[in-house]
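So you can see what is in the structure, the chains are spelled out below.
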Amino acid sequence: MGYSEAGDDLAAQVKEQADIVQVIGECVDLKRAGVRYLGLCPFHGEKTPSFSVHPGQQFFYCFGCGASGDVYSFLMKYHNLDFPAALKDLARRYQIEIPERVQSAQEQERSRQRKAMYAVNEKAATIFQDYLIHAGKAEGARRYLEERRIPVEIQKRFRIGYAPSPDAAGWNFLGAQLDGEERRVAEDVGLLVKKEQGGTYDRFRDRILFPIFDRQGRIIGFGGRIVGDGQPKYMNSPESLVFSKSNSLLGLYQQGEEIRRRQQAILVEGNFDLVSLVVHGCPNVVAPLGTALTAQQLKMLKGYAEEYVLLFDGDAAGIKAAMRAVPLFLSEQVAGKVALLPPGHDPDTFVQEKGLSALEALLDRARPLPEFTLEQLVKEHGLTLDGKSRIISELRPLIKAAVSPLQRSLMLSHFSETIGVPAEELGAALGPASGAVPAVAPPVKQRNKPPRREVLAPLTFLQKQMVTHMVLYPHSLRELEKAGIRSCLVGSIGEILYLQLKALIEKSGEIEPEELLAGLPEGGERVLVADILLNSSSDSRSCSDEETKKELAELLSWLEREKLERMSEQLKKKMVDCAQGGGSRELLQQIVSEKNEVDNKLHSLRPKMVG
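Residues numbered from 1 in each chain as written. Predicted model: local features only at pLDDT ≥ 70, side-chain atom pairs only at ≥ 80, totals over all residues. Heavy atoms only, no water.

Draft legend 1. Region of interest: the packing of aromatic side chains. Evaluated as defined, the whole model comprises 18 aromatic pairs. For the pair F74 and Y78, a centre-to-centre distance of 5.4 Å together with 10 degrees between the ring planes defines the contact as stacked. Placement of the pair is F74 and Y78 together in helix α3 (residues 71-79), with a separation of four residues, close to one helical turn. Taken individually, F74 and Y78 each receive the classification buried, so the pair is uniform in this respect. Summarising the aromatic geometry, the rings of Y144 and F272 are spaced 5.8 Å apart at their centres and angled 80 degrees between planes, so their arrangement reads as edge-to-face. Within this pair, whereas Y144 is found in helix α6 (residues 139-147), its partner F272 is found in helix α11 (residues 271-279), the two being separated by 128 residues in sequence. With respect to burial, Y144 and F272 carry one shared label: buried. Three or more aromatic residues joined by ring pairs make a cluster, and in this case those are F128, Y131, Y162, F173, F204 and F222. (Phe/Tyr/Trp six-rings, centres within 6.5 Å; stacked < 30°, edge-to-face > 60°. Helix = DSSP H or I, 4+ residues; strand = E, 2+ residues; numbered from the N terminus. Buried < 20%, exposed > 50% of the residue type's maximum accessible area, 1.4 Å probe, protein only.)

Structure, rendered in structure tokens:
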């Protein structure tokens, strides 16, 4: 079924029917706090609730990590769905029918092929798993798993199976259990190989098989480790309509929630390395499929964690693999580290021999990838003149991977200290960053919006009170605007927030404070608004309407006094200019009269302090 053309009206209808508190409440323990609900953020580890859900506007925001959005955003981020899948899930929950998009004949055929491939892979996984558990001739495979200390419950969790050897079950063990159409599909996904003289034979023979799942839990391929003698030791399914090695990660389907909970993903190179770590109590682990880490795999992980640790062998191959990964982490702007194992160990042997505590200590000592790379280059080439030249040459891919001038500048500054080359000279030698984007977008000219100042005036106490009210009660902005709030805040961070809030209201009508926060870029404005909302979240703006109106009245009165004081000062200056400049007596008397009128109004207002 195609949902990409379901349309804005349908998406809005589904969103209107959806209860964001109910949907998020299935994943997060929410407690009511005034007009909103609070809970522990599912997207980063925390002990104090900072995750806010506002049912009135169907909106969520985390004060800790900045995650925000609507019910679709939550489903997409939490379950790693695309928008059509999130729309489909919500529509199913609330029994809303989504009209099926008319597909072309080619699209219908590809959809049919994919479904058939998933079905054949699923059937094959069941056959291999049943054979491992029950077949007498699978005793060697069961003994192998026992020797590697993989308990039955973990075998079942990963749906590990066994493809028997030709001596035990012939060359057509799997093919003999499939019908004609299934055999054709099994060829397409690489489970069967076509013989030149006709017929097929099994691709996987005498191998422990790990089904490879996509993020929706569908089996897209297999990875197999040979039990007896033979090459290659590891073999994966070939590329197909549903499987691509560079876009798949072993264990992500099973371990994704643990990775999200711990906000750390550990990447290992082998299938048994992954399973062994899970067995020994390290569940936040995934593995590329026998290849170097790819950009697509890193993109898949970005929604799960804040930190990523490469746990590699400490030999030359492991070091080179870690160094090759650095540009990927830089281009995706994620925090990558590397932990190297002692010589002679892989993750499986290390955790078996040393235990979980030693593994955790090793991971705690993991080095940030850029620093690790530089350290290795210094070890390899030294800091002689020739060594520095070689180091600079090998740093070029790292600098080119920087996606912003700020990132590039920080790296140049850090590297220059170590190798003793001024940052400017190092930057010139390494050349510009490819694909770098400006750290701050060029300003767009907008009507009535002043350019941002490099230095903004700090807020006074009363200005802070005014900004706080404006942020917490956006519906008051029109009255505050009429009273001259912008003149009161001019030149301060408050003026920028006023303009942002005004633009948002003009675009969307009534809004909630969290929507202002979600639309702000990183910087002082966002920090200030987050601070205001966080400090108000304990009582959730529980002031009565009467108290809110009283506070607004006091602010309006203060603004009126401020306006009159400014007018009085301006008229006073006009009086001096008129007297010194030889103005007429009539003009001077008119200015004096206007000032007296303003002063009388000013004195009639009793000063009021807010707060």
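Draft legend 2. Expanded view of the pairing of strand β9 (residues 207-213). With seven of its seven residues buried, β9 lies for the most part within the structure. Burial along β9 is two-sided: R207, L209, P211 and F213 facing one way and I208, F210 and I212 facing the other are all buried. Bridge count between strand β6 (residues 161-163) and β9: three bridges; the pairing is antiparallel. Each residue of the ladder has a partner; that of A163, found in β9, is R207. One ladder, built from seven bridges, connects β9 with strand β10 (residues 219-226); its direction is antiparallel. Its bridge partner lying in β10, F210 is registered against G223. In sequence, β9 turns back onto β10 through a hairpin of five residues, with G217 there showing a positive phi of about 85 degrees. (Pairing = 2+ DSSP bridges.)

Draft legend 3. Representation of the nonpolar core within the structure. Residues F128, L174, L191, I208, F222, L274 and L311 are the most contacted members of the largest nonpolar core, which totals 62 residues. Apart from residues no more than four positions distant in its own chain, L311 is found in contact with I266, L267, V268, L277, A339, L341, P347, L359, L362 and L363. (Core = buried A, V, L, I, M, F, W, Y, C linked by side-chain atoms within 4.5 Å. Contact = heavy atoms within 4.5 Å.)

Draft legend 4. Region of the structure containing the pairing of strand β14 (residues 307-312). Within β14, five of the six residues are buried, which leaves it mostly tucked inside the rest of the structure. Sheet topology places β14 next to strand β15 (residues 335-340); six bridges connect them, and they run parallel. Opposite F312, over in β15, you have L340 as the bridge partner. Each parallel crossover has a hand, and for β14 linked through helix α13 (residues 316-332) to β15 it is right-handed. (Right-handed = clockwise from strand over helix to strand, strands pointing away.)

These values are about where atoms sit, not about what they do.
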